[in-house]
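Examination of the molecular architecture
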Amino acid sequence: MTKKRPISRKDWSADELRENFTTPETEWSRQVEGAFAARVVEVHKGYAFVSSEKKLHAIDMHDVWLGTVPRRFLLAKKSTRKLLAVGDRVWCEPDAHRQKELPHCRIMSNAPRHNVLARSDSRHKTMSHIIASNIDHLIITSAFAKPPLDFTLIDRYLVGAAQQNIAPLLVFNKSDLLDEGQRQAYMPRLANYRRLGYRVLVVQALSQDFQAQADLVALQKILAQGIAVFSGNSGVGKSSLINLFMPLIPQAVAAELSRSGQHTTTYASLLSLQTGGYVIDTPGIKKFSLGEIPPAQLGNFFIEFAAQTDKCRYRSCLHDREAVCGVKDAVKTGDICAARYASYLTLLAQ
Ligand SMILES: Nc1nc2c(ncn2[C@@H]2O[C@H](COP(=O)(O)OP(=O)(O)OP(=O)(O)O)[C@@H](O)[C@H]2O)c(=O)[nH]1
Ligand SMILES: [Mg+2]
Ligand SMILES: [Zn+2]
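Residues numbered from 1 in each chain as written. Chains lettered and ligands numbered in written order. Predicted model: local features only at pLDDT ≥ 70, side-chain atom pairs only at ≥ 80, totals over all residues.

So, on to the overall build of the chain. Looking only at helices and strands, one finds 11 helices and 13 strands in the chain. The C-alpha radius of gyration computed for the chain amounts to 22 Å, which stays within 12% of the reference 20 Å derived for 350 residues, consistent with globular compactness. Each of the 350 residues in the chain was classed as buried or not, and the buried ones make up 36%. Look at the contacts in the chain between residues 6 or more apart in sequence, and 63% of them connect residues 24 or more apart. (Helix = DSSP H or I, 4+ residues; strand = E, 2+ residues; numbered from the N terminus. Rg over C-alpha atoms; globule rule 2.2 N^0.38 Å. Buried ≥ 20, exposed ≤ 12 C-beta atoms within 10 Å, placed from the backbone. Contact = placed C-beta atoms within 7 Å.)

Structure representation (structure tokens):
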């Protein structure tokens, strides 16, 4: 049975139409006459690229459409960028009048997002921009050197992944740059993440034969399941790693010498991998947004705190200046890694 969505009814007021751009999950799978389900693969200022998706995770990357959002939906949100994110599921109507090199369509509705990855606005502290949505795996990518390893950023990502219910994976790239001193400093930190139950991979993207590295083979297996987002500082090697798994569109990687602190990847895009699965390559982000986590809840996202908080005097303990605190005691005895606790305090202060 096919049924027309209420969204296309001409008799709705402009306000209702704006609000109704997002279709409730319960109505989402209902077939819409003359429309097709698609996935947003890139978002630009006045348009987005979408690819048809007949069933979940069967995105046809050879079927690319240039989609525009009807003006009435844009009134409130101003631009396509604020209304749509890479990874959004959308319903589209073919636009028969505008078929040039790429077929055109009108994006009529998006599905509620299961989760989002957002970055903070560099100028407005309270604002954030959604980079990607509906993510199955967050590949928290770091390099051992060039740029320097930033464990606080990793911990920030881990909090974000837990808050958004995205499976995190820690990938440490450029293992060839690791010297003996760094190895001794970093390996206990990596071991601590493993002890906490996080999956940790150590890789070198600059190698043509990824099958020779067990951790890259493990990464390929994870990527083959659903949609993964590569995130992390600029220059850590996100695009280099993605290219190992043969995306339909190879990603630009800056030559080592010409790198000048500029981003090589400048916008997020969803790619299909010939080794299986989908990835979203993103520009390096400095400030990853944690959204609204009340201070008293931040500790819930540091999973090793849970076993200690029954020894805190107050249930609302911030594990900061309180006199009787199980978390601080555990830091003193070494049961909680002092550097993780330092990350916690840094995030708490922000
Ligand atoms: N030594 C070494 N260099 C690497 C490795 N992987 C990547 N690189 C280099 O690191 C630089 C940055 O790599 P990219 O893949 O462009 O990094 P990115 O994270 O995508 O950067 P943005 O797009 O700016 O966010 C390039 O010059 C790569 O050749 C590695 O395993 N070892
Ligand atoms: Mg890149
Ligand atoms: Zn406490």
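Packing of helix α5 (residues 151-164) against helix α11 (residues 338-349) leaves a shortest axis separation of 9 Å and a crossing angle of 70°. It follows that α5 is roughly perpendicular to α11 by the angle criterion. Together, Phe 151, Thr 152, Asp 155, Arg 156 and Val 159 of α5 and Ala 339, Arg 340, Ser 343, Thr 346 and Leu 347 of α11 make up the contact between the two elements. (Axes fitted to C-alpha atoms, helices over the stretch in contact; angles between N-to-C directions. Parallel < 35°, antiparallel > 145°, perpendicular 65-115°, else oblique.)

Glancing now at the nonpolar core. It is characteristic of soluble globular proteins that their nonpolar side chains tend to be buried jointly. Among the nonpolar cores identified, the biggest contains 72 residues, and Val 50, Cys 92 and Leu 138 are the most heavily contacted of them. Of the domains in this structure, domain 1 (6-110) and domain 2 (116-281) are the two that each give at least three residues to this core. Core analysis: the next-biggest nonpolar cluster, separate from the first, contains 12 residues, Cys 325, Val 331, Ile 336 and Tyr 344 among them. (Core = buried A, V, L, I, M, F, W, Y, C linked by C-beta atoms within 7 Å. Domains from an automatic or database assignment.)

When cut into domains, the chain gives domain 1 (6-110), domain 2 (116-281) and domain 3 (295-349). For domain 1 versus domain 2, the distance between C-alpha centres works out to 29 Å. Facing 11 residues of domain 1, the contacting portion of domain 2 comprises 17 residues. Elements represented by at least two residues in the side of domain 1 that touches domain 2 include exactly β1 (36-43) and β3 (59-68).

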